[in-house]
Amino acid sequence: MGSERGSSYLEVLGYGGSRVGVIVAAAELGLCHASNVGSYQALRTGGATTARMMVPCPWAREAAVLYRGEDIGVSLTLNCEHSVYRWGPITPSPSLLDGDGGMPREVDDLWDHADPEEVGRECRAQLERAVHWGVGVTHLGCHRQAMVMRPELFSILVELASEFRLPLSLPAAEAERIAGFAFRQVAEDAGLVFPDHCVEVTGSDQFEAALFDLRPGITELVL
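Predicted, not measured: the structure shown is a model, and the values here were computed from it. (Residues numbered from 1 in each chain as written. Predicted model: local features only at pLDDT ≥ 70, side-chain atom pairs only at ≥ 80, totals over all residues. Heavy atoms only, no water.)

Student: Can you lay out the sheet that holds strand 2 (residues 50-53) for me, pointing to particular residues and giving the numbers?
Tutor: Strand order across the open sheet formed by six strands is 4-3-2-1-6-5, with parallel pairing between neighbours. Only two strands of the sheet have a single partner each, and these edge strands are strand 4 (137-142) and strand 5 (197-200). Across the sheet, the axes of successive neighbouring strands diverge by a mean angle of 30°, strand direction being ignored. Where strand 3 (residues 72-76) meets strand 4, four bridges bridge the pair, whose relative direction is parallel. Within strand 4, the position partnered with Leu76 by the bridge is Cys142. (Pairing = 2+ DSSP bridges. Helix = DSSP H or I, 4+ residues; strand = E, 2+ residues; numbered from the N terminus. Axes fitted to C-alpha atoms, helices over the stretch in contact; angles between N-to-C directions.)

Given below as structure tokens:
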């Protein structure tokens, strides 16, 4: 999918703008072995339509080895929220490390200390590593929306998506009030495509409820 945006994502894909489309995304591919098994099972049996790989995680290499041409994006990762299970940046990036050698646990800590130049270098390296591993990267997102909620980091995400001609996964428009800027408009002005709606789902009841509440356009259900 290129980055040329029409009046709606559905129209870019060749459908009428009033149609309803659904993307079911398995998040956190590469996080651990179980995440890899579950994500690929969902992709190969029809439970999910796409997944996103967290390249710095210890099991990302296995996720790449298991890849068989599925729809896989990259979730640019700048945080490690787990207290014992840790991972760090894949580039020399001191501002992306906390006191015990992993990425910051909290998004606020990342925002307080991250050097945008190091963030740009790290994110490019994550995307290029997935490509080097042979993954046909189909779209771009970010872990915990850490890059979306700050303009200086979001500009890096937009730059990479534009350069590699990748659609974006973005949170719902309501999140713009928290971010304090219209990130979806910024992405649209850059010519990028992204789903019209986004719903994060953590259980089967929420998943079913989301399916009964679909609106015109493309909705991404993030599992």
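Structure shown, so let's carry the discussion forward.
Student: Any chance you could break down helix 6 (residues 151-163) for me, citing the residues and the numbers?
Tutor: The terminal C-alpha atoms of helix 6 lie 18 Å apart, and with 13 residues this matches the ideal 18 Å at 1.5 Å per residue to within 8%. The positive-phi residue at the C-terminal boundary of helix 6 is Arg165, with phi of around 55°. (Expected span 1.5 Å × (residues − 1).)

Student: Account for helix 5 (residues 116-132), with residues named and values stated.
Tutor: Its 17 residues give helix 5 an end-to-end C-alpha distance of 24 Å, which sits within 8% of 24 Å, the value for a rise of 1.5 Å per residue. Of all the positions in helix 5, only Glu118, Val119, Glu122, Cys123, Ala125, Gln126, Leu127 and Ala130 are classed as buried. Check the buried side of helix 5 and you find it contacts strand 3, strand 4 and helix 6. The opening residue of helix 5 is Asp115, an N-cap whose side-chain oxygen sits 2.9 Å from the backbone nitrogen of Glu117. Immediately beyond the C-terminal end of helix 5, within one or two residues, lies Gly134, with a positive phi of roughly 95°. (Buried < 20%, exposed > 50% of the residue type's maximum accessible area, 1.4 Å probe, protein only. Contact = heavy atoms within 4.5 Å. Polar contact = N/O pair within 3.5 Å; in protein donor to acceptor, adjacent residues only side chain to side chain.)

Student: How would you summarise the side chain of Ser39 if you had to cite specific residues and measurements?
Tutor: When you line up the elements, Ser39 lands in helix 2 (residues 33-45). Classification of Ser39 by relative accessible area gives buried; the value is 6%. With near-sequence residues (within four places) excluded, Ser39 lies in contact with Ala26, Ala27 and Leu29.

Student: Can you tell me about the packing of aromatic side chains, naming the residues and giving the values?
Tutor: Under the counting rule described, the total for this entry stands at four aromatic pairs. Ring geometry for Phe181 against Phe183: centres 6.0 Å apart, planes inclined by 70°, an arrangement best described as edge-to-face. By the burial criterion, Phe181 is buried, and Phe183 matches it. What links up through ring pairs into an aromatic cluster is the set Phe154, Phe181 and Phe183. The aromatic ring of Trp111 is capped on one face by Arg150, whose charged end is 3.8 Å from the ring centroid. (Phe/Tyr/Trp six-rings, centres within 6.5 Å; stacked < 30°, edge-to-face > 60°. Lys NZ or Arg CZ within 6 Å of the ring centre and 35° of its normal.)

Student: Could you give me a rundown of unusual backbone geometry, with the residues and numbers involved?
Tutor: You will see that Arg144, though not glycine, has its phi angle at about 60°, which is positive. Mapped onto the elements, Arg144 comes out in the loop between strand 4 and helix 6. In this structure, Arg165 is a non-glycine residue whose phi angle is positive, near 55°. If you trace the backbone, Arg165 turns up in the loop between helix 6 and helix 7 (176-179). By relative accessible area, Arg165 is classed as partly exposed at 45%.

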